[in-house]
Every structure is written in C-alpha cells, then in structure tokens.
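Here's the letter readout for the chains.
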Amino acid sequence: MTDTFPMAKRKWIMRQVRDRDTVPELIVRSLIHSLGYRYRLHQIHLPGKPDLVFSRKRKVIFVHGCFWHGHNCARGKRIPKTNKAYWMEKISRNVARDRKNRQRLRRLGWRSLNIWECKMKNSKALSSTIVSFLGESRSPAPSGTPF
C-alpha cells in the first residue's frame, strides 16, 4: 500500500510529534500540581529522562502515549498501514528501551510509575493511582487566603 501523503507532508507531520509538553503530559502535570505535589521536569541525569521527578521521594513518573510505547490497549495495538515492518521494529525498540530504563532506575534506588494515555479518561482513578504511588503530599493552600 502506498503512503497517503506526499513525502514533504509526511515529514511535516512527523516533525509535529513532540517528546515533551504533550497534551497528556500537561494534563497529568496539572492534576499532580492540584493534588499538592511539586516536581521537576525531564531530568536528563536519570535513565529514560522521566517526565516528572520527585527527588525527595526518589520516585519518577513517565507519561506514555499508547501507540509510541506499545501499550496493550486498542490504540497501542494499532499498526500503521504503510511501512509496517519499520513501525513494528520501532515500537518494539521503544518497549525494550523503556524496560531497560525502568530496571536501571530500580537499581539506582528509584521507583517509577507509567501513566498511559488511555488511562487518563478517568481522573478519579488516575488521582487515586498517583496518590497511592506518591504517598502524602502537602495540601495546597485554600483559595482566597492571603498566606
């Protein structure tokens, strides 16, 4: 099957794919901040350059897109119609790299949590998962108070 886009259009589309500050990541960051947690972003000294880093707790969170990281949901199992061999190999390399980075983090004494794009629809369940993983946080200041 041939590509549905000309080469220049395909290159433009692929350049639009972001590796940080994606919509799912921004949603998770906003939710975590509203829960009272504070974090650092994309620490390059840690394996896998985690999306959110909680240094004092020695915990990290990765926000993964289902397609790019080979999740076992419907979106993650979807295979492009063109260049199937390339994409299957690419995604399997991503999965292997993610596994290796989690193992390296564990050996360094860090715990990690993967948040999948498809699991973000239920914010109550997501909040519960995050609080369970991170433990207690400082409560955010009530709105309207001067201090």
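Notes on the structure in this doc start here.

The rules behind the values
Residues numbered from 1 in each chain as written. Predicted model: local features only at pLDDT ≥ 70, side-chain atom pairs only at ≥ 80, totals over all residues. Heavy atoms only, no water. Patch = residues over 30% accessible without salt bridge, like charges linked within 9 Å, V, L, I, M, F, W, Y side chains within 5 Å. Areas by Shrake-Rupley, 256 points an atom, 1.4 Å probe, with all protein chains shown as cover. Salt bridge = Lys/Arg side-chain N within 4 Å of Asp/Glu carboxyl O. Lys, Arg positive; Asp, Glu negative; His and termini not counted. Charge placed at Lys NZ, Arg CZ, Asp CG, Glu CD. Helix = DSSP H or I, 4+ residues; strand = E, 2+ residues; numbered from the N terminus. Buried < 20%, exposed > 50% of the residue type's maximum accessible area, 1.4 Å probe, protein only. Phe/Tyr/Trp six-rings, centres within 6.5 Å; stacked < 30°, edge-to-face > 60°.

With that settled, the discussion passes to a positive patch on the surface. Residues Lys100, Arg104, Arg106 and Arg107 make up a contiguous surface patch of positive charge. Tracing the backbone shows Arg104 in helix 4 (residues 84-107). A residue is classified by how much of its surface remains accessible, and Arg104, at 36% relative accessible area, is partly exposed.

Our next topic: the environment of Arg106. Topologically, Arg106 is positioned in helix 4. Taking C-alpha positions, Arg106 is 9.8 Å from Lys59, a pair spaced 47 residues apart along the chain.

Using the criterion set out here, one finds six aromatic pairs in the structure. With centroids separated by 5.6 Å and ring planes inclined at 65 degrees, the aromatic side chains of Trp68 and Trp87 adopt a geometry described as edge-to-face. Here the residue Trp68 occupies a position in the loop between strand 3 (59-64) and helix 3 (74-77), and Trp87 occupies one in helix 4, the gap between them amounting to 19 residues. The class for Trp68 is partly exposed, based on a relative accessible area of 27%. Judged by relative accessible area, Trp87 falls into the buried class, the value being 13%. Clustering of aromatic rings is evident, with ring pairs tying together Phe67, Trp68, Tyr86 and Trp87.

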